[in-house]
Amino acid sequence: MNARWWKYVSRIFRASNRRRRAAKSFCDAATKTHINETRLTTIIMRLRPCLSFNCTITSLAKILHQPPQSCNYADNKEIGAWLNNILKKGGTEDWRKVLKEATGEDISTRAMVDYFKPLMSWLEEQNKGRQIGWE
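Cut-offs applied
Residues numbered from 1 in each chain as written. Predicted model: local features only at pLDDT ≥ 70, side-chain atom pairs only at ≥ 80, totals over all residues. Heavy atoms only, no water. Phe/Tyr/Trp six-rings, centres within 6.5 Å; stacked < 30°, edge-to-face > 60°. Buried < 20%, exposed > 50% of the residue type's maximum accessible area, 1.4 Å probe, protein only. Helix = DSSP H or I, 4+ residues; strand = E, 2+ residues; numbered from the N terminus. Polar contact = N/O pair within 3.5 Å; in protein donor to acceptor, adjacent residues only side chain to side chain. Contact = heavy atoms within 4.5 Å. Patch = residues over 30% accessible without salt bridge, like charges linked within 9 Å, V, L, I, M, F, W, Y side chains within 5 Å. Areas by Shrake-Rupley, 256 points an atom, 1.4 Å probe, with all protein chains shown as cover. Salt bridge = Lys/Arg side-chain N within 4 Å of Asp/Glu carboxyl O.

Undergrad: How do you make sense of the packing of aromatic side chains when you look at a structure like this?
TA: Here the distance between the centres and the angle between the planes together describe a pair of aromatic rings. Evaluation of the coordinates by the stated rule reveals one aromatic pair. Ring geometry for Tyr115 and Phe116: centres 4.9 Å apart, planes at 85 degrees, overall edge-to-face. According to the relative accessible area criterion, Tyr115 is partly exposed, its value standing at 25%. The class of Phe116 is partly exposed, set by a relative accessible area of 38%.

The structure is reproduced here in C-alpha cells:
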C-alpha cells in the first residue's frame, strides 16, 4: 500500500519519498488528509496551509486566549474536544460549512497573515530606508 501511495503522489503531485522506507513497514497515506478523487485531492493539498492556520489560530485565540506564536496546546482537553467536533462529522456535511461553523469565518489567508504580522513588522523595521526589489 505504501509503495502504491508514493506512486500516486509522484504521478499527481510530482513529489517523491526521500526516505525510501520499506513499503510493508509504513503507511504514509494515513498521515495525510486526502480524498480519493484526484482533482479534489489536489485542491485540498493546496489549501492545507490555509486550513491548518485557520484551525490553529482560531483554536488558540478562542479557546486558549493566547497568542499563537508562543503557546502550546498539547494535552489540552478543550482543544481536543473542539477538534473532535470538527472531525466527528466526517463526510456527513460539506467541509467548508463544517470549518466555517468551527472557526466562524470562511477559509482565507487572514489567519496566516495575522500569524506572521509580528515578523512582518520586524522585517519592515529592519529594512526601513532600504530599497526592496529588483529594480
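Still to come is the rest of the account.
Undergrad: In this structure, what is going on with the side chain of Thr103? I would like to understand it.
TA: Residue placement: Thr103 occurs in helix α4 (residues 95-103). Overall, Thr103 belongs to the buried group, its relative accessible area being 3%. For Thr103, the side chain forms a polar contact with the main-chain oxygen of Leu99, separated by 2.7 Å. A polar contact is formed between the side chain of Thr103 and the backbone oxygen of Glu105, at a distance of 3.1 Å. Contacts of Thr103, omitting those with residues within four sequence positions, involve Asn54, Cys55, Thr58, Lys62 and Trp82.

Undergrad: What am I meant to see in the environment of Tyr115 here?
TA: Assignment of secondary structure puts Tyr115 in helix α5 (residues 110-115). Along the primary structure Tyr115 and Thr56 are separated by 59 residues, whereas in three dimensions their C-alpha atoms are 9.9 Å apart. Ignoring sequence-local partners within four residues, the contact set of Tyr115 consists of Phe53, Ile57, Pro68 and Gln69.

Undergrad: What's the story with a nonpolar patch on the surface in this structure? I'm lost.
TA: A cluster of nonpolar residues, Phe116, Leu119, Met120, Trp122 and Leu123, forms a patch on the protein surface that exposes about 490 Å² of accessible area. With respect to the helices, strands and loops of the structure, Phe116 is situated in the loop between α5 and α6 (117-126).

Undergrad: What should I look at first to understand the pattern of salt bridges in this one?
TA: Side-chain pairs of opposite charge can arise where the charged atoms are in close proximity. Summed over the entire model, instances satisfying the criterion amount to nine salt bridges. Glu105 is the partner of Arg110 in a salt bridge, and the nearest nitrogen-oxygen pair spans 3.1 Å. The salt bridge involving Asp114 is made with Lys117; its shortest N-O contact spans 3.5 Å. A residue is classified by how much of its surface remains accessible, and Asp114, at 27% relative accessible area, is partly exposed.

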